[in-house]
Amino acid sequence: MVDAASPVPADARRNARQVVELLGAARPGTRVLVLCDAHTQANARLLEAAVADCGAVLSSMQIDHSAAHGRPLPDAAAAAMQQADLVIGITRANITHTDARRAATQAGVGVIVLPESDRPDFFLARGWDADFTGLRPTIEALADALTQASTARVVSHQGTDITMRIDGRRGRALHGFANTRDISAGYCLEASLAPVEGSANGVIVVNASIPGVARIAAQPVRIRIEHGMAVAIEGGAEAEAFRRLLQGFDDPLVYNLGELGVGMNPCCEIDGTMLSDESVHGAIQLALGSSLYIGGAVKAAAHYDTILTGAELHLDGKVVVGQTDSTGMTGVWV
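Residues numbered from 1 in each chain as written. Predicted model: local features only at pLDDT ≥ 70, side-chain atom pairs only at ≥ 80, totals over all residues. Heavy atoms only, no water.

Peer 1: Account for the overall build of the protein, with residues named and values stated.
Peer 2: Of the regular secondary structure elements, the protein holds 7 helices and 19 strands. Relative to its length of 334 residues, the protein is compact, with a C-alpha radius of gyration of 19 Å against a globular reference of 20 Å. On the principal axes, the C-alpha backbone points of the protein span a range of 50 × 45 × 40 Å. Looking at the protein as a whole, 56% of its 334 residues are labelled buried. Put simply, of all contacts in the protein between residues at least 6 apart along the chain, 68% involve residues at least 24 apart. A total accessible area of about 13000 Å² is found for the protein, and carbon and sulfur atoms account for 50% of it. Of the side chains in the protein, 26 bear a positive and 37 a negative charge, and the two mean positions are spaced by 3 Å. (Helix = DSSP H or I, 4+ residues; strand = E, 2+ residues; numbered from the N terminus. Rg over C-alpha atoms; globule rule 2.2 N^0.38 Å. Buried < 20%, exposed > 50% of the residue type's maximum accessible area, 1.4 Å probe, protein only. Contact = heavy atoms within 4.5 Å. Areas by Shrake-Rupley, 256 points an atom, 1.4 Å probe, with all protein chains shown as cover. Lys, Arg positive; Asp, Glu negative; His and termini not counted. Charge placed at Lys NZ, Arg CZ, Asp CG, Glu CD.)

Peer 1: Can you lay out the side chain of Ser192 for me, pointing to particular residues and giving the numbers?
Peer 2: Within the element layout of this structure, Ser192 appears in strand S8 (residues 190-193). For Ser192, the side chain forms a polar contact with the side chain of Glu190, separated by 2.9 Å. Here Ser192 is in contact with Leu146, Arg170, Gly171, Arg172, Leu174, Glu259, Leu260 and Gly261, once residues within four sequence places are set aside. (Polar contact = N/O pair within 3.5 Å; in protein donor to acceptor, adjacent residues only side chain to side chain.)

Peer 1: How would you summarise the environment of Gln41 if you had to cite specific residues and measurements?
Peer 2: Structurally, Gln41 can be placed in helix H2 (residues 41-53). Distance in space between the C-alpha atoms of Gln41 and Ile204 is 37 Å, their sequence separation being 163 residues.

Peer 1: With reference to specific residues and values, describe the state of the cysteines.
Peer 2: Using the criterion set out here, one finds 0 disulfides in the structure. Its sulfur unpaired, Cys36 is 18 Å from the next cysteine sulfur, which belongs to Cys54. Using a relative accessible area of 2% as the deciding quantity, one classes Cys36 as buried. Free cysteine Cys268: the closest other cysteine sulfur is in Cys267, separated by 6.9 Å. (Disulfide = S-S within 2.5 Å.)

Peer 1: Any details on the nonpolar core? Residues and values, ideally.
Peer 2: Among the nonpolar cores identified, the biggest contains 104 residues, and Leu47, Leu114, Phe123, Trp128, Ile284 and Leu313 are the most heavily contacted of them. Of all the elements, helix H5 (residues 132-148) adds the most residues to this core, at 7 residues. Residues within four places of Leu47 in sequence aside, it is in contact with Ala16, Val19, Val20, Val34, Ile88, Ile90, Leu114 and Phe123. (Core = buried A, V, L, I, M, F, W, Y, C linked by side-chain atoms within 4.5 Å.)

Peer 1: Kindly report on the packing of aromatic side chains, identifying the contributing residues and their values.
Peer 2: For the structure shown, the criterion picks out 6 aromatic pairs. For the ring pair Phe122 and Trp128, a centre distance of 5.9 Å and an interplane angle of 85 degrees mean the geometry is edge-to-face. Residue Phe122 is classed as buried on the basis of its relative accessible area of 1%. Both rings, one in Phe249 and one in Tyr304, keep their centres 6.3 Å apart while their planes meet at 40 degrees; by these two values the pair is tilted. (Phe/Tyr/Trp six-rings, centres within 6.5 Å; stacked < 30°, edge-to-face > 60°.)

Peer 1: Describe the pattern of salt bridges, with residues and values.
Peer 2: Tallied over the full model, the rule gives 18 salt bridges. Residue Arg14 pairs with Asp129 through a salt bridge whose shortest N-O separation is 3.5 Å. Of this pair, Arg14 sits in helix H1 (residues 10-23) while Asp129 sits in the loop between strand S4 (110-114) and H5, and the two are 115 residues apart along the sequence. Arg14 sits in the partly exposed class, given a relative accessible area of 36%. You can call Asp129 exposed: its relative accessible area is 51%. For Glu269, the salt bridge goes to Arg126, with nearest N and O atoms at 3.0 Å. Here Arg126 lies in the loop between S4 and H5 and Glu269 lies in the loop between strand S14 (257-263) and helix H7 (274-277), a separation of 143 residues in the sequence. The structure contains a network of salt bridges with shared partners spanning Arg170, Arg172, Asp182 and Glu259. (Salt bridge = Lys/Arg side-chain N within 4 Å of Asp/Glu carboxyl O.)

Peer 1: Explain the environment of Glu234 to me, and be specific about the residues and the numbers.
Peer 2: Relative to the elements of secondary structure, Glu234 occurs in strand S13 (residues 229-234). On the accessibility criterion, Glu234 (42% relative accessible area) is partly exposed. Taking the C-alpha atoms as reference, Glu234 lies 22 Å from Ala301; in sequence the two are 67 residues apart. Those residues in contact with Glu234 that lie beyond four places of it in its chain are Pro220, Val221, Arg222, Ala239 and Arg243.

Peer 1: Hey, could you go over the packing of H1 against H2 for me, with residue numbers and the actual values?
Peer 2: Running from amino to carboxyl end, H1 crosses H2 at an angle of 60 degrees, the nearest separation of the two axes being 8 Å. As far as their axial angle goes, H2 and H1 are oblique. Judged by the sense of rotation from one axis to the other, the crossing of H1 with H2 is right-handed. When H1 is examined against H2, the residues Ala12, Arg13, Ala16, Arg17, Val19, Val20 and Glu21 are found in contact with a partner set consisting of Leu46, Leu47, Ala50 and Val51. (Axes fitted to C-alpha atoms, helices over the stretch in contact; angles between N-to-C directions. Parallel < 35°, antiparallel > 145°, perpendicular 65-115°, else oblique. Left-handed = near helix turned anticlockwise from the far one by under 90°.)

Peer 1: Account for the sheet that holds strand S2 (residues 57-63), with residues named and values stated.
Peer 2: Sheet architecture is open: 4 strands sit in the order S2-S1-S3-S4, paired in parallel fashion. What marks the edges here is a single partner per strand, and that holds for S2 and S4. On average, each strand axis in the sheet is tilted by 15 degrees relative to the strand beside it, whichever way the strands run. Relative to S4, strand S3 (residues 86-90) is paired through 5 bridges, and the arrangement is parallel. Looking at S4, one finds that Val87 is bridged to Val111. (Pairing = 2+ DSSP bridges.)

Dropping the structure here:
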């Protein structure tokens, strides 16, 4: 663990440099904004040191902490993001699904989002060991397959069976590298998209986690989707916590099925954190809430993923993600 009373491990410094120099491609003269909150200051300092080491031009800003993913950013932060070449949002809440982040991307700014980065061992996570360069072509290939498909179906032995239209939607390749088309999410590697609104019908049985809510313990969370909206969330304590969370937003659009994705990082495992759980190789993401910021049309008060392991993804009837053999290993084919 990393704490204020002990030296920073060399691996943590290395991974912070990896964010800045490899994923962010910062060079002398690159204008880098490090956006943090009161809970992530220590890890932000590692990034700031990496920015200084590579000769880039550093700006730092601390914003008020938000407990909910996707809450609007302050106007001052939105304006500062527009003036940077690279923004690294190392915050407890996820800034992906915000107008400020989308506007920065549209303005040609590379944005790296690092949510739930308040843990002292954040830069020691196993996900940082990924071969980012080597994995990129496979992630891009699956994103292309999503773009080309018209329908998607997710099924599992636990009872998931849901079908949705995805025609006309662009597959997103979250390969970790900052770019001007979409976000980077650090070691959270995935291919994903926003399903066509109102088209999804079926049942999702969540057996792994709901990042930001809980890991699934004994009883899976069962979500019934009708015409693109969650109409029932059933199960044990985790289902009750998820229901209460969504009800608290007082926004019917938080029940929209807003995202379909596939984790693509072989170094990750389910540990209850957003970046790791969403990135587990072959795990399926089915999110409720906003889709506007990832290619859809729904702007909701929040966006929360649900994570399924051991599921299959079919595109136009062809299995592209599923179990490879009796060992339970999951494969991705494109």
